[in-house]
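Below are the chains, spelled out letter by letter.
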Amino acid sequence: MPIPKPFVILQPVSEETALIMKVRSILVQETSQYQEIAIAEFTEYGRGLVLDGLVQSTEADEHIYHECLVHPPMVAHPDPRKVLIVGGGEGATLREVLKHGPVKRAVMVDIDEKVVDLARRHLGTMHMGAMSDPRASVLIMDGLKYIAETEEKFDVVILDLTDPYGPEISKMLYGEEFYRRVSSIMEEGGIMVTQAGSSFYYPETYDMVLSNVRSVFPIVVEYNVWVPSFGYAVNFITGSSNVDPANIAAEDVESRLRARGVTTKFYNGRTHIALMNMPIFRRLSH
Ligand code: SAM
């Protein structure tokens, strides 16, 4: 039975707010053992991945999210050779990491084989073939288990998971114990970053994640960037023992990007400074 046109996806921003997003067609609708997976053609945002009803990324603005997740910690690290990505099913985080010339090995660990397979087939504009790069290893595994079992050490760890207030499968990967394990698999001088959902709409959850990172890492930096298809400014939190992304000049960001052959659409030296100085979105209590 054809769905009446135009139809929309009601995307929750919080329990009280939602985006109404017009959809041209639903390309894929499947259920894995972990989550509801959809790939939709949005009239305003192009093709996008939706997990459990929450937009993860769309062609129109995923570059904002993935460039701001990846490049501030990568640029802050003087020589990132080995990078671990936990989550990042679309492959766009991997795409951005592999832009950095010094990267010799990038391991991407996602729990859901269906998400990765569907992304490989239907989200080519996002992964751009990154998952087939000879430097990349894509593993299908729970990130919690991988971090507990790996003997490898990494210069940069990127946690690109579903939201901390989202599905159960990622909740444990925002806890203090998990961050302690992340810290134990980081090389000396390493840095980690996690996406942390929305400090405006889920202040308690955000503060819990922030306090867990602060319990483990001496240098913690918060930043956020507006992502139109999310309907909020997404938060990022970095943790390190001695790398401080808030303490880099714009010209040093630019020279590192140039030296490493990194080209971007949204991120550059001035954007870096803006990100590091933009206040964190917090609601006024009412
Ligand atoms: N860019 C999205 C965002 O922040 O809105 C998130 C990126 S991606 C779609 C989130 C990924 O986290 C999904 O592919 C999901 O399968 C993966 N994931 C969730 N829990 C996980 C876990 N415990 N271990 C590994 N991957 C996990």
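Calculation rules
Residues numbered from 1 in each chain as written. Predicted model: local features only at pLDDT ≥ 70, side-chain atom pairs only at ≥ 80, totals over all residues. Heavy atoms only, no water. Domains from an automatic or database assignment. Contact = heavy atoms within 4.5 Å. Buried area = accessible area lost by both parts, 1.4 Å probe. Salt bridge = Lys/Arg side-chain N within 4 Å of Asp/Glu carboxyl O. Polar contact = N/O pair within 3.5 Å; in protein donor to acceptor, adjacent residues only side chain to side chain. Helix = DSSP H or I, 4+ residues; strand = E, 2+ residues; numbered from the N terminus. Nonpolar A, V, L, I, M, F, W, Y, C, P; charged D, E, K, R; others polar. Axes fitted to C-alpha atoms, helices over the stretch in contact; angles between N-to-C directions. Parallel < 35°, antiparallel > 145°, perpendicular 65-115°, else oblique. Left-handed = near helix turned anticlockwise from the far one by under 90°. Buried < 20%, exposed > 50% of the residue type's maximum accessible area, 1.4 Å probe, protein only. Pairing = 2+ DSSP bridges. 1 Å grid on protein atoms, 1.4 Å probe; cavity = no way out; pocket = protein on both sides within 12 Å on 5 of 7 lines; lining within 4 Å. Points joined across faces, edges and corners; volume = space filled by probe spheres on them. Near = heavy atom within 4 Å. Areas by Shrake-Rupley, 256 points an atom, 1.4 Å probe, with all protein chains shown as cover. Sits in = over half its atoms within 2 Å of the grid points. Core = buried A, V, L, I, M, F, W, Y, C linked by side-chain atoms within 4.5 Å. Arc of directions from axis to C-beta.

The next point concerns the domain arrangement of the chain. Accessible area lost upon the coming together of the parts serves often as the stated size of an interface. By the assigned domains, the chain splits into domain 1 (7-56) and domain 2 (62-277). The straight-line distance from the C-alpha centre of domain 1 to that of domain 2 is 23 Å. At the junction of the two partners, domain 1 supplies 25 residues and domain 2 supplies 20 residues. Taking both partners together, domain 1 and domain 2 bury about 2100 Å²; carbon and sulfur atoms supply 66% of that area. When the buried surface of domain 1 facing domain 2 is broken down by residue, Val13, Tyr34 and Gln56 rank first, second and third, together holding 26% of it. The interface formed by domain 1 and domain 2 holds 1 salt bridge in total. Across the salt bridge formed by Lys114 and Glu30, the nearest N and O atoms sit 2.9 Å from each other. Summed over the shared surface of domain 1 and domain 2, the number is 5 residue pairs in polar contact (both at pLDDT 80 or more). Among the elements of the structure, strand E2 (18-31), strand E3 (36-42), strand E4 (46-51) and strand E5 (54-58) are those that each provide at least two residues to the side of domain 1 that touches domain 2. Considering each element in turn, the side of domain 1 that touches domain 2 owes the most residues, 6 residues, to E2. In terms of residue class, the side of domain 1 that touches domain 2 is made up of 13 nonpolar, 8 polar and 4 charged.

What follows is about unusual backbone geometry. Not every positive phi belongs to a glycine, and Asp52 is a case in point at roughly 50 degrees. For Met128, which is not glycine, the phi torsion reads 50 degrees and is therefore positive. Mapped onto the secondary structure, Met128 falls in the loop between helix H4 (124-127) and strand E8 (136-140).

Packing of helix H9 (residues 250-260) against helix H10 (residues 269-277) brings their axes to within 7 Å, and their N-to-C directions diverge by 130 degrees. Between H9 and H10, the angle is such that the two are oblique. Judged by the sense of rotation from one axis to the other, the crossing of H9 with H10 is right-handed. Where H9 abuts H10, its residues Ala250, Val253 and Glu254 lie against Gly269, Arg270, His272 and Ile273. For the contact of H9 with H10, a count of residues per class yields 3 nonpolar, 2 polar and 2 charged.

The subject of this paragraph is the pairing of strand E6 (residues 82-87). Counted residue by residue, E6 has 5 buried out of 6 residues, so it is predominantly covered. Looking at chain direction, E6 and strand E7 (residues 105-110) are connected through 5 bridges and run parallel. Each bridged residue has a counterpart across the sheet, and for Leu84 the counterpart in E7 is Val107. Where E6 meets strand E9 (residues 154-160), 5 bridges bridge the pair, whose relative direction is parallel.

Any empty space left between atoms is shown by rolling a water-sized probe over those atoms. Going through the model one piece at a time under the given rule, you end up with 1 cavity of 30 Å³ or more. Of all the secondary structure elements, the ones that give two or more residues to the lining of the largest cavity are E4, E5, helix H1 (62-76), E6, E7 and helix H6 (168-171). The residue makeup of the lining of the largest cavity, split by class, is 14 nonpolar, 10 polar and 5 charged. Built from parts of two domains, the lining of the largest cavity gets at least three residues from each of domain 1 (7-56) and domain 2 (62-277).

Looking at the ligand, there are 25 residues lining it, with Gln35, Tyr65, Asp110, Gly143 and Ile169 nearest. Within the backbone of Gln56, an N or O atom sits 3.2 Å from a nitrogen atom of the ligand. Between Gly143 and the ligand, the recorded distance is 2.8 Å, taken from a backbone N or O atom to a nitrogen atom. Protein coverage of the free-state accessible area of the ligand, which is 590 Å², stands at 100%. The cavity that encloses the ligand is the largest cavity. At the level of elements, E4, E7 and H6 are the ones that each hand at least two residues to the shell around the ligand. Formed jointly, the shell around the ligand draws a minimum of three residues from each of two domains, domain 1 (7-56) and domain 2 (62-277).

Let us now look at the nonpolar core. Core analysis: the largest hydrophobic core is formed by 64 residues, its most contacted members being Phe42, Leu94, Val97, Ile158, Val225, Val234 and Phe236. Here this core gets 8 residues from one element, more than from any other, and that element is H1. Shared between two domains, this core holds at least three residues of each, these being domain 1 (7-56) and domain 2 (62-277). Non-local contacts of Phe236, meaning those with residues more than four positions away in its chain, are made with Tyr65, Cys68, Leu69, Val193, Thr194, Gln195, Val221, Glu222, Tyr223 and Val225. Membership of the second largest hydrophobic core comes to 26 residues, among which are Val157, Leu159, Phe178 and Ala196.

What follows deals with H9. Counting along an α-helix, one turn takes 3.6 residues, and residues three or four places apart therefore face a common direction. Of the positions making up H9, those classed as buried are Ala250, Val253, Leu257 and Arg260. Each buried residue of H9 sits inside an arc of 105 degrees when the element is viewed along its axis, so together they form one side. Seen from the buried face of H9, the exposed residues on the opposite side, beyond 90 degrees, are Glu251, Arg258 and Ala259. Next to the buried residues of H9 lie H1 and H10.

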